[in-house]
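One-letter residues, chain by chain:
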Amino acid sequence: MANAASGMAVDDECKLKFYELKAKRNHRFIIFKIEGQKVVVEKVGSPEETYDDFANSLPADECRYCVFDFDFITDENCQKSKIFFIAWSPDTSKVRSKMVYASSKDRFKRELEGIQVELQATDPSEMSLDIIKGRAL
């Protein structure tokens, strides 16, 4: 079991895929899951995929960490993007799973340099596109 200081390992692919999303913009989103004592990449979304594709990729009853690259236009008509870190912890997931994900979140997030906005969501309404837009501006 991961402890609060988190002995949770982070697979190198997690950092590599995040770098590709941040620097090369090769991906729209990345979904990570904890397998055993390690955080691994579960799914990578291509740049053409939408926010709905991302949201529909999340399991309804299991926790995940996610990174989403959100493109938007400011009020000044400037094209911008923000990298969101989303801790997906649905109410229907197992208590033990929620505890492991919660205790490992900060340690994992530190491995991903360049996150601009963090969001915690327990159901889809807490990470709707309107909320993402509001937090980006």
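These numbers come from a predicted model, not from an experiment.

Student: How would you summarise the packing of aromatic side chains if you had to cite specific residues and measurements?
Tutor: A ring pair, where both rings are aromatic, is described by two values, the distance of the centres and the angle of the planes. In this structure the tally under the stated criterion is 12 aromatic pairs. Consider the rings of Phe29 and Phe54, whose centres lie 5.2 Å apart with planes at 55°: the pair is tilted. Placement of the pair is Phe29 in strand E2 (residues 29-35) and Phe54 in helix H2 (residues 51-57), with a sequence separation of 25 residues. Take Phe29 and Phe54: they sit in the same class, and that class is buried.

Student: Mind laying out the confidence of the model for the protein, listing which residues take part and the relevant values?
Tutor: Per-residue pLDDT for the protein averages 93, and the proportion of residues at 70 or more is 95%. With pLDDT under 50 throughout, residues 1-5 is counted as low confidence; its partners more than four residues away or in other chains account for 9 contacts.

Student: Could you give an account of the pairing of strand E4 (residues 64-73), with specific residues and numbers?
Tutor: Regular strands have side chains that alternate between both faces of the sheet. Of all 10 residues in E4, 8 are buried, a share of seventy percent or more. With 4 bridges joining them, E2 and E4 adopt antiparallel strand pairing. Following the sheet pairing, Phe32 is matched in E4 by Tyr65. Once E4 ends, the chain turns through 5 residues before running back antiparallel as strand E5 (residues 79-88), passing Asn77 with a positive phi of about 65°.

Student: Any chance you could break down unusual backbone geometry for me, citing the residues and the numbers?
Tutor: Glycine aside, the phi torsion of most residues is negative, and most peptide linkages are trans. Residues other than glycine seldom take positive phi values, yet Arg25 does so here, at roughly 60°. Using a relative accessible area of 36% as the deciding quantity, one classes Arg25 as partly exposed. Even without being a glycine, Asn77 presents a positive backbone phi close to 65°. With respect to the helices and strands, Asn77 occurs in the loop between E4 and E5.

Student: Break down the pattern of salt bridges for me, with residues and values.
Tutor: Throughout the structure, instances matching the rule amount to 13 salt bridges. Of the charged contacts, one joins Asp71 and Arg25 as a salt bridge, the two residues approaching to 2.6 Å between their closest N and O atoms. Placement of Asp71 in strand E4 and of Arg25 in the loop between helix H1 (12-24) and E2 is noted, with a sequence separation of 46 residues between them. When its relative accessible area of 28% is taken as the criterion, Asp71 is described as partly exposed. The salt bridge involving Arg64 is made with Glu62; its shortest N-O contact spans 2.9 Å.

Scoring rules and cut-offs
Residues numbered from 1 in each chain as written. Predicted model: local features only at pLDDT ≥ 70, side-chain atom pairs only at ≥ 80, totals over all residues. Heavy atoms only, no water. Phe/Tyr/Trp six-rings, centres within 6.5 Å; stacked < 30°, edge-to-face > 60°. Helix = DSSP H or I, 4+ residues; strand = E, 2+ residues; numbered from the N terminus. Buried < 20%, exposed > 50% of the residue type's maximum accessible area, 1.4 Å probe, protein only. pLDDT = per-residue confidence, 0-100. Contact = heavy atoms within 4.5 Å. Pairing = 2+ DSSP bridges. Salt bridge = Lys/Arg side-chain N within 4 Å of Asp/Glu carboxyl O.

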